[in-house]
Every structure is written in C-alpha cells, then in structure tokens.
Amino acid sequence: MAENKQLKRVDIIFSEECGFKEILSDALKMDNEKIVDELLNSGLRGRGGAGFPTGMKWKFTAQEKGDERFIICNADEGEPGTFKDREILFKVPYKVFGGMAVGAKVIGAKEGYIYLRGEYKFLLNDLQKHLDEFHKTLDALDFDFRIHIVTGAGAYICGEESALFESMEGKRGEPRNKPPYPTVSGYKGKPTVINNVETLVYAFMICRLGSEKFKELGTDDSRGSKVFSVSGDTPIAGIYELELGMPLQDFVDEFGDGDTKAVQVGGAAGFCVPRKKFKDTVIGFEGVPTGGSMMVFNSSRSMFNVIHNYLEFFEEESCGQCTPCRVGCQQLLLGVEAVKRGDKSIDYLDELLKLSQTMKLTSKCGLGQSVANSFSSIVDNFREEMIY
Amino acid sequence: MINLNIDGIDVSIEEGKTILDASRKAKIKIPTLCHHEDLCVAGNCRVCIVQQEGAKGLVAACAMPVHEGMKIHTNTMEVRRSRKHIIELLLSEHNADCTKCYRNNNCELQSMANQYRTGNEMFLDLVPEKNYTIDQSSPSIMKDDSKCIRCQRCVRTCENLQAVSALAVANKGGKMKISSFFEKPMHDVVCTNCGQCINRCPTGALIEVNNIDEVWEAIYDKSKHVVVQTAPAVRVGLGEELGFHAGSRVTGKMVSALKRLGFDSVLDTQFTADLTIMEEGTELLTRLKKALVDEDTSIRLPMMTSCSPGWIKFSEHIFPDFLENLSTCKSPQQMFGSLAKTYYAQQRNLDPKDIVSVSIMPCTAKKFEADRPEMRDSGYKDVDHVLTTRELAIMIKQAGLEFMEMDDQKFDSLMGDSTGAATIFGATGGVMEAALRTAYELVTGREVPFENLNIMPVRGMEGVKEAVVKIENPVEAWKFLDGVELRCAIAHGLTNAKKLMQSVKDGKANYHFIEIMACPGGCLGGGGQPIPTSQKIRDQRTKAIYEEDMAMPIRKSHENPDVTKIYQDFLGEPLSHKSHELLHTKYVKRERY
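Only a predicted model underlies this, so the values are computations on that prediction, with no experimental measurement involved. (Residues numbered from 1 in each chain as written. Chains lettered and ligands numbered in written order. Predicted model: local features only at pLDDT ≥ 70, side-chain atom pairs only at ≥ 80, totals over all residues. Heavy atoms only, no water.)

A.B. asks: Go over the overall build of chain B with me, naming the residues and quoting the values.
C.D. replies: Tallying secondary structure elements over chain B gives 19 helices and 18 strands in all. In terms of overall size, chain B behaves like a compact globule, its C-alpha atoms giving a radius of gyration of 25 Å where 593 residues would be expected to give roughly 25 Å. For chain B, the spread of C-alpha atoms along the three principal axes comes to 80 × 55 × 45 Å. Counting every position in chain B, which comprises 593 residues, the buried fraction comes to 63%. For chain B, long-range pairs separated by at least 24 residues make up 75% of all intrachain contacts whose partners lie at least 6 apart in sequence. Within the structure as shown, chain B displays about 22700 Å² of accessible surface, and the carbon and sulfur contribution to it stands at 49%. Separation of charge centres in chain B, based on 73 positive and 79 negative side chains, amounts to 4 Å. (Helix = DSSP H or I, 4+ residues; strand = E, 2+ residues; numbered from the N terminus. Rg over C-alpha atoms; globule rule 2.2 N^0.38 Å. Buried < 20%, exposed > 50% of the residue type's maximum accessible area, 1.4 Å probe, protein only. Contact = heavy atoms within 4.5 Å. Areas by Shrake-Rupley, 256 points an atom, 1.4 Å probe, with all protein chains shown as cover. Lys, Arg positive; Asp, Glu negative; His and termini not counted. Charge placed at Lys NZ, Arg CZ, Asp CG, Glu CD.)

See below:
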C-alpha cells in the first residue's frame, strides 16, 4: 500500500493535448502499408478482451476483394464491471472517430458505424454533435468517410461481434457460425473491421507516437497500456490507464482496501484470482487478460453470492440459441443453489465443473465458452463457500 | 477438391462443403439435430461437435467448412463426453414423457438419448421451472413447447423455405422459446397450415391435430355411411410408415387396408382431380377467349391453380390483390366432398346427413380447408374429417393389419376411377401437365406433342419452372388460339411461389397459367407425409408418381369414363350452373399480420 510503490500511470487515451487534427491529417497522408506495419510492430491487441492483433485485422480486411467494406466501433460495453468505453466516448470521442477514419482509409471503407450500448443513449446527443464537427473536419481534409451511430437495445450478447452485425441488420442478436470471420464477411456480409472503442484510440495514437514508443510500455505479449475500470471493495474506484503486464499483487497493493480476498479480472466472463495467487498472476495476455474490468472483493463478500450473481446474469443474457450455453447456464445456476440448499451432494459441484468445461469446449460463441472461467475459478478456489 | 482426414480415413470433397458433408462421404456417422438438408446451417444444437486438430475447443461439424489438410476426430473421449452432456442438457429441458408422445419411436432426440444411454447422471429437471404451454388453437397444427428443443428447424422452415415467418424465436437465455409472430395463437397468426414445420420437427413439439378417434367413431357408428377418398401423393408415401422403402407404390394395399378398416366405400380423390382438370381447363380456355377475343379487360390473367390450400391461404394473406387470378375451382378434396353428399348420395340412394366423408391427405392444410365456411355447398360440411398419411398409417397399425402382406384391391366404383393425369397431381408440375394434356387436345384435336404424353419441361425440382406450348391448327371453336404461345410457370414451396408472384405483380413476367403448390416437391412432399422427408425421399416419391401415371390405362382426364358419366348424369357440362354451385368457390382477403 506504500505510495512509493504506485503503479505507473499512462496518459495516452485521455490526453487532450495531442493535436488531434494534426494527427488525423498526417495519418490520412500515411501509406496504408506503413500504418499496418506500425500497428503490427506496436503489438497492439484488441482491448475488448479477446486480444486479436489489430494490425492483422486491418490487414486481412484490406486484402479482401469486394466493393464495399465497413469499419465498426464496438461500443456495446456490457461486461459487468467495465465502464471505461463510456468515459472514452464522453471525454475524447474525436479520437475514437479518428481511429475509425484511419482504419477506413486502410481498408477502403466509406461508411463506419458506432454500435452504442442501449444503456448509453444519454451519450447520443453529445456524441452526434461531436460527430457532425468531425465530419466537417473530414470534409476539410477531403476525406470521403461517414460515421453513423446505431444503438443497441440492452442485450449483452450484442457485444459479440457477429451478434452485433445481426442486430445492426435488424435481426435478432444471435452470434453467427465462424468461420467466416468479420474480416471476410461481417456487416451485411461484407469485409468488416470491428474494433473496441479503446483499441481505435490506441490505433489512432500509435500514428502519432510511433510503434516504438508504444512498445516501450508493457511486456512482450502485452504491449502498451490499457484502461482499467476498477470497482468493488476499493477506496479509489474509477478509471485508470496503466501499463499492461503488472503483477496482480501490485494492483491489489495499490487499489485494494487491505483486506482483498479475490479480484475478478475481466468481468463476469473473466477469471477470479484468489489472494494466494496474486503474486503469481500477471495482468495481460500472457497471464489473465481483461477487457478492463477489475472487481475487487474483500473478505466480507460471499463468493457464492458472487458466482450466483454472475450465473443469473449469464442465464438471462445467453441468446439461447445453442444448447450448452442456454441450458448449461440454467443448470449451473440451479445446480449451485441445490448444493447450497443441500438438495444435491457436494460431489455435484464436480459434475457442474465438468459441465462448465463442456460449455467452454462446445458453445457457439464467447459467451458460453467463457462462463467456465468465472465458474471454475470461483468454485475451485472457494469450494467451501459454495457449500456452507 | 479439398483433402482431409477423418478418424484416419482420407476424404476428398469439394470446397465449401462442411466436415459433416465429408464425414457422410466417408461413411462416418456424426449425430445431428438442428441440421436439416432442406435448410440453411444453424449450428445451434451442438451435438455434431468433433475435434479438429489445432482448433481451440470442439467444432460443430455441420457449420465448419473443410480446409486442406484438416484432421478430424469424431469419437474421442472429449467429444463423446461433451456430446452426452449436450443430449442430457436437451433432455433436462424436455418433457420426456415419451409413451404419451405422438412421436414416440420416431423422435430424433429419443433415439439419440437411447444411443448415448443417458439416464442416471442426468442434470436437474428444468421442466417444472418452465411455464410450458400447448397451443391447440389451430385446426391443423398443434404446438407443444414442452417438447421443443429449440433447434429452430421450424423457424428456418417457415422463414426460408416458406416465406411465411409464422414461427419465430422469442426471449433470450433460459426463457428463449420458439414462439409465433407477436406471440399470437397459431389460429390467429399468419400461418398457411402447410405443416412443413411438423415434417422437420425432430421431436413432438409440432404435430398435426389428430382426428383419428373421430374417424373410428364414424366407422363404428352403424347409422353412418363412411366414404373415404385418398389423395394421389398418399399412395407413394404411406408405405414408408409401414415397412416399405421410400418410393414404393402401395395403392392396391392401401385400398385393401381402407376396406379392412371398415370404410363403407373406398374412393379416390383422383376422380375429382380429373374433374378439376375439366373445370379448370375450361375455365382457363374461357378466360383466354374472353381476354383475347372479347377483349374483356376485367378478365384476370395469369390464372393460378387453386388445389393447394396452403398456397390459397398464403395468397389470401400476401397477395390479396390477386385473388381474382385464382381459379375458382375448389381443390379435388373439396370437389369430392360436395359431390359425396350430393351426386354420390343420390346415386346410392343415401340421405346425405348419414354420410360421413373422410379424406386421407399428404397435407395438414387440408384440415383447415375442410373447416372453411365456404366448404358447405352440399348443405353439410363437405368433408367431415381429414387425416394425414401418418394418421392413416397409425389406424392401420391400430387395426393390426399386416400391411406388407396385404393383397392389392381396386377402388370402389362411381367416384373411384381415375387417370394418370390425376395421379401426377401429387408432384410439382403435375396439375400443369394434366391440364395441358387435356386443354391442348380439346383445342387442337391432337395429343400434346410430347413423347408418351410426358411433358418433361414442367417436371423436376427446380423452384420455378417455365414452359411454353405453341398452339397450332386448332379446331374451329378455338381458332382464335392459332399461333398463341401458352406461357406457363410452376412453383413449389412458398418461397418460390412468392418469388414468382412478385415478378408477376411487378409486371416482369407475363404468363397465362401458373401452377403453385405450397410444399417443396408438391403434395408428395406435403406436411402430412411420413417423417423424415428429404430431397432424396421426395425424388423417390416423384419417381413413383410418374411410374404410377405410366401404369394407368388412361392418362388424360377428359377420357375418364366416370367423369364423362358425371357430366351426363349430373353436372351437365364444365362450368355449368350446377358445377359452379358445387365445384367452385370464393376466396377471402386476409390481413398481412
């Protein structure tokens, strides 16, 4: 907790003094290959959670044949415990637009979309005003590109990229089979880049900072910095841009309340790390990745309540199309309740753990595949709390 | 060609195919539930998961395209355990009261559960948690949500194959269910009653409304004279339910069985199919004359067939401006019904109130059609009970008949004789072909200029077919048709029908005569036919239909002696006052939503 041990703060995303118009006009003059090379060299990986290299995504889409392509900003920030995209869109929306414009230039898109989480509709008016200004800037730079904002209706699943396309196309938000991937067949079946809000800002800023500068931060597998949403039993809840690759212990030392028993890294779809593993856990793609959510729990919290809450969430937010996710979530939820009540024996937890592994192996999309993350990490580490 | 290896077996298959396709080629069986060859890929039940070397997790064989060098394992410990889990999960949501289920012994989930020996390690029973409902409001289709496994085959059938979208997915998570449009009851929703959803349902969630007991009751009632009619497609489908391979013609055995069941008279819808050709053919020629000679602009062309009640209801909902284009002819089932209680009653000296008229149909929409208020021209309900091919098979089993061993018998007389032209009503293009065989000959005095009367351009499984028949040297009465090219189109399956009708509506197509059947392949692929139905099975039934046609001594409707007789004795002539009264009908505009 000593203040001199404070984690390094980074100020790339929110810094206002960046010379936005200059970056934009410079970036739009850069070679597409150069931009892609810079992104690849920077090691930037998607900040939504899955961590796909951004440069590759842009490169693949640019290589696809076809007259029409799209760039989409995924602002359906629905992961429990994440609220950093909201802040980015509120504070530096023009950087998000800038990232989209650069991406559009690289892949050859004329239209871009921001899929805004339904609950963030309060941002819409301001966002649209900023967007109108931005379009004027684009016109002044003689760059033919337009961004449209569409809003979701509150379904968590629509943050999954292919469900998001379905939703945008006016259909029920259900994930598609993959392949084909969005770079080949995304929105309206056209080659599409879909990036998280934060990723687009980093991509934009890398055009200014250069990849080498970006790479100075982070580790080999997790280059650069990341915006974290810190919540739970912490005296300093909020949004922090930190270097990637930190040991979780350092994070707890700074953000915990001195009595931290577990940190849920990556939201309900992420992993629960218990106290005994803080030292050995690295926050990053080589360790435990996160889309930004860091939920801190102290010893007053019941981990049964935590997993019960997550399962209730998944049981409701599963789109319901695939069996392992739809029924699996119901079984896990009712299963832990039955064990708690004593209707099922303790051994039934092992059956449920096996079931969660089946869900991980067989679910159609990331939602069902990741339920096991929190389920097994909580049940394994806090088994006694599931029973007593 | 793409080369891959499945369970140690090398397979080559075209690009774009899936692991499932490749495994079938290699004769390796991967179980499926949501997959159906008539429908687009869903990949949502996940029972077809397999291990692909190098892939994260397991992959759905039905949805994963093949690629060069792929190595697949279909039977690993992990695959087997996961698959068993998935089946158990499905069962936990499913009302598995199998002995009370209509689909007992013909249920894909049941047989899979049996193979995987699910049982003791079952998960919690979720059925009591759910507020499952049974929708019995429709005269044709019963929807029992407690049997549903949410594979969405019905939704894809209704939307993609039939362009109706009466069925849709509602809610999410544990509450996700297959619902109807705006959660309306099946009776009120825009549904054509085609029953294609029933044919593709892997379980008993969608079944036809059963009328077996009513029919038994009528048979046992000594005061009733029960007549039965059988549609053309039934005789090439029924065998599948009773031990024969697909494409077996069981006409004679079916007649024997119906007689053994106790029907007082076993008659044939094909008789009224021939009659339909007389009425509809004359109607077409009359319309052509009024349009071409009299230049009557009120005459609507193209004329469209009206045999398929699914198509009729579809056009009432979707193309209400084209109802005057529909032939006013009732379907053969309904022509038969009204004649059974008038002509037949008269000839047999029976009081029509004592006649119970039953029809055996490959169709579930026929149940709705028989209930239409327009269908009471005899003064009674023209057709009292409609049974599907499947229901007839059940009656035959209930009666303990050894169907495969039965002898071949002939239909009873009066309304039991028919021609090959009537038989082919059961296949897409068949009504068109039968009409052309007759109309061409009436107009020119010569047989249609096709070898063996087989008008090949109107046959086959293409979604929309076109044919042009040029009329040359007609007889005096039809001189005005000399040189006219009669332009015909045929569509089967309502998505194809919609496509065709849209082009007519947009003025992009200019036909004289259109045949539309609601079901893929025509009636032989009807919603009341044996389950499963697949393209291969439809092809086999089609082959059987055309064989049956070739085997008939008479193959043109106008040469059916019983048809000649009914015009002499009762109706007068085609489109006479009497035939208008009994054999023709009106349609009603219905709402789009």
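A.B. asks: Requested: an account of the domain arrangement of chain A, with residues and values cited.
C.D. replies: Residues and elements named next belong to chain A. One can read the domain layout of chain A as domain 1 (9–215), domain 2 (225–298) and domain 3 (303–387). Look at where the C-alpha atoms of domain 1 and domain 3 centre, and you get two points 33 Å apart. Of the roughly 870 Å² buried at the junction of domain 1 and domain 3 (both faces included), carbon and sulfur atoms supply 65%. Inspection of the domain 1/domain 3 interface yields zero salt bridges. (Domains from an automatic or database assignment. Buried area = accessible area lost by both parts, 1.4 Å probe. Salt bridge = Lys/Arg side-chain N within 4 Å of Asp/Glu carboxyl O.)

A.B. asks: Run through the environment of B:Arg200, naming residues and quoting values.
C.D. replies: Residue and element names in this part refer to chain B. With respect to the helices, strands and loops of the structure, Arg-200 is situated in helix α5 (residues 196–200). For the pair Arg-200 and Pro-532, spaced 332 residues apart in the sequence, the C-alpha separation amounts to 7.2 Å. Once residues within four sequence positions are removed from consideration, Arg-200 is found in contact with His-36, Asp-38, Leu-39, Arg-153, Thr-157, Leu-161, Pro-520 and Arg-538.

A.B. asks: Which residues make up the sheet that holds strand β14 (residues 355–361) of chain B, and what values go with them?
C.D. replies: Residue and element names in this part refer to chain B. Judged by pairing direction, the sheet is parallel, and its four strands sit side by side in the order β12-β11-β14-β15 without closing on themselves. With one partner strand each, in any of the chains shown, β12 (265–268) and β15 (385–388) form the two edges of the open sheet. This sheet shows a mean twist of 25° between the axes of neighbouring strands, independent of strand direction. By the bridge criterion, four bridges tie strand β11 (residues 225–230) to β12 in an arrangement that is parallel. Within β12, the position partnered with Gln-229 by the bridge is Leu-267. Helix-sheet contacts for helix α9 (residues 269–292) involve β11, β12 and β14, and the interaxial angle to β12 is about 35°. (Pairing = 2+ DSSP bridges. Axes fitted to C-alpha atoms, helices over the stretch in contact; angles between N-to-C directions.)

A.B. asks: Please give an account of empty space enclosed by the protein that cites residues and values.
C.D. replies: Residues and elements named next belong to chain B. For the structure shown, the criterion picks out 10 cavities of 30 Å³ or more. Roughly 270 Å³ of volume is contained in the largest cavity. Forming the boundary of the largest cavity are 24 residues, of which Cys-307, Ser-308, Pro-362, Lys-366 and Cys-523 lie nearest the centre. Secondary structure elements with two or more residues in the lining of the largest cavity: α10 (309–318), α11 (332–348) and α12 (365–371). Of the residues contributing to the lining of the largest cavity, the split by class is 16 nonpolar, seven polar and one charged. (1 Å grid on protein atoms, 1.4 Å probe; cavity = no way out; pocket = protein on both sides within 12 Å on 5 of 7 lines; lining within 4 Å. Points joined across faces, edges and corners; volume = space filled by probe spheres on them. Nonpolar A, V, L, I, M, F, W, Y, C, P; charged D, E, K, R; others polar.)

A.B. asks: Describe in detail the interface of chain A and chain B, supporting the description with residues and values.
C.D. replies: The interface of chain A with chain B comprises 33 residues on the first partner and 35 residues on the second. Both sides of the chain A and chain B interface together cover about 2800 Å² of buried area, and 58% of this is carbon and sulfur. The partner of A:Arg326 in a salt bridge is B:Glu93, and the shortest N-O contact between them spans 3.1 Å. If you look at where chain A meets chain B, you find 17 residue pairs in polar contact (both at pLDDT 80 or more). Contributions of two or more residues to the side of chain A that touches chain B are made by α11 (303–317), α12 (323–341) and α13 (348–362) of chain A. A total of 10 residues in the side of chain A that touches chain B trace back to one element, the largest contributor, which is α12(A). Residue composition of the side of chain A that touches chain B, grouped by class: 11 nonpolar, 12 polar and 10 charged. (Polar contact = N/O pair within 3.5 Å; in protein donor to acceptor, adjacent residues only side chain to side chain.)

A.B. asks: Lay out the state of the cysteines in plain terms, naming residues and giving numbers.
C.D. replies: All told, the structure shown has zero disulfides over all chains when counted by the stated rule. For the unlinked cysteine A:Cys325, the closest cysteine sulfur is that of A:Cys329, found at 4.2 Å. Looking at the unpaired B:Cys523, the closest cysteine sulfur is the one in B:Cys363, lying at 6.9 Å. (Disulfide = S-S within 2.5 Å.)

A.B. asks: How would you sum up the environment of B:Leu453? Please name residues and give values.
C.D. replies: All names here are of chain B. Among the secondary structure elements, Leu-453 is positioned in the loop between α15 (430–444) and β16 (464–470). The class for Leu-453 is buried, based on a relative accessible area of 8%. Sequence separation between Leu-453 and Lys-586 is 133 residues; the distance between their C-alpha atoms is 33 Å. Contacts of Leu-453, omitting those with residues within four sequence positions, involve Glu-433, Arg-437, Glu-447, Val-448, Arg-555 and Lys-556.

A.B. asks: I'd love a proper account of the sheet that holds strand β1 (residues 70–75) of chain A, names of residues and values included.
C.D. replies: Residue and element names in this part refer to chain A. Pairing is parallel across the open sheet formed by four strands, whose spatial order is β3-β2-β1-β4. The strands lining the two open edges of the sheet, one partner per strand, are β3 (146–151) and β4 (192–196). Along the sheet, successive strands turn relative to each other by an average axial angle of 20°, direction set aside. Along the sheet face, helix α5 (residues 93–107) touches β1, β2 (111–116), β3 and β4 and points at about 150° away from the line of β1.

A.B. asks: Account for the environment of B:Ser327, naming residues and giving values.
C.D. replies: All names here are of chain B. By the secondary structure assignment, Ser-327 is in the loop between α10 and α11. Judged by relative accessible area, which is 0%, Ser-327 ranks as buried. Placed 27 residues apart in sequence, Ser-327 and Arg-300 show a C-alpha to C-alpha distance of 10.0 Å. Not counting the four nearest positions on each side in its chain, Ser-327 is found in contact with Glu-280, Glu-283, Arg-287, Met-303, Met-304, Ser-306 and Tyr-587.

A.B. asks: Summarise the domain arrangement of chain B; cite the residues concerned and give the values.
C.D. replies: All names here are of chain B. Each assigned domain of chain B is listed here: domain 1 (2–75) and domain 2 (90–208). Its C-alpha centre places domain 1 at a distance of 26 Å from the equivalent point of domain 2. With 14 residues of domain 1 at the contact, the number on the domain 2 side is 17 residues. Taking both partners together, domain 1 and domain 2 bury about 1200 Å²; carbon and sulfur atoms supply 61% of that area. Remark: the boundary between domain 1 and domain 2 carries one salt bridge. Its salt-bridge partner being Asp-38, residue Arg-200 comes within 2.6 Å of it at the nearest N-O pair.

A.B. asks: Hey, could you go over the pairing of strand β6 (residues 238–243) of chain A for me, with residue numbers and the actual values?
C.D. replies: Of the strand pairs in this sheet, strand β5 (residues 225–232) of chain A and β6(A) are connected by six bridges, and their pairing is antiparallel. Of the residues in β6(A), the one forming a bridge with A:Ser229 is A:Ile239.

A.B. asks: Requested: an account of the side chain of A:Glu174, with residues and values cited.
C.D. replies: Within the element layout of this structure, A:Glu174 appears in the loop between α7 (161–168) and β4. Note on A:Glu174: relative accessible area 12%, which makes it buried. Not counting chain neighbours up to four residues away, the residues in contact with A:Glu174 comprise A:Ser162, A:Ala163, A:Glu166, A:Cys319, A:Gln321, B:Gln152 and B:Val169.

A.B. asks: Could you give me a rundown of the packing of aromatic side chains, with the residues and numbers involved?
C.D. replies: Across all of its chains, the model carries 23 aromatic pairs over all chains by this definition. With a centroid separation of 6.2 Å and an interplanar angle of 55°, the aromatic rings of A:Phe143 and A:Phe145 are classed as tilted. The pair formed by A:Phe143 and A:Phe145 is uniform in burial state, with each residue classed as buried. With a centroid separation of 5.8 Å and 50° between ring planes, the pair formed by B:Trp478 and B:Phe480 is classed as tilted. Overall, B:Phe480 belongs to the partly exposed group, its relative accessible area being 22%. (Phe/Tyr/Trp six-rings, centres within 6.5 Å; stacked < 30°, edge-to-face > 60°.)

A.B. asks: Which residues make up the pattern of salt bridges, and what values go with them?
C.D. replies: All names here are of chain B. Evaluation of the coordinates by the stated rule reveals 69 salt bridges over all chains. The salt bridge partner of Lys-508 is Asp-506, with a shortest N-O separation of 3.9 Å. Overall, Lys-508 belongs to the exposed group, its relative accessible area being 69%.

A.B. asks: Any details on helix α16 (residues 494–505) of chain B? Residues and values, ideally.
C.D. replies: Helical geometry note: an α-helix holds 3.6 residues per turn, so side chains three or four residues apart project in the same direction. Residue and element names in this part refer to chain B. Taking 1.5 Å of rise per residue, 12 residues should cover 16 Å, and α16 covers 15 Å from first to last C-alpha, within 8% of that figure. Every buried residue belonging to α16 is among Leu-494, Asn-496, Ala-497, Leu-500, Met-501, Ser-503 and Val-504, and all of these are buried. Looking at the packing, one finds that the buried side of α16 touches α4 (153–161), β13 (303–304), α10, β16, β17 (485–492) and β18 (513–517). Note on α16: the residue one or two positions beyond its end, Gly-507, has a positive phi of about 75°. (Expected span 1.5 Å × (residues − 1).)

A.B. asks: Now, about the pairing of β17(B): what can you tell me, with residues and values included?
C.D. replies: Residues and elements named next belong to chain B. Within β17, six of the eight residues are buried, which leaves the element mostly enclosed by the surrounding structure. The pairing of β16 with β17 spans seven bridges and is antiparallel. Bridge pairing links Val-469 to Leu-486 in β17. Note that β17 and β18 share five bridges and pair parallel. The residue bridging Ala-491 from the neighbouring strand is Ile-516, located in β18. Since β17 and β18 lie parallel, the crossover through α16 that links them has a hand, and here it is right-handed. (Right-handed = clockwise from strand over helix to strand, strands pointing away.)

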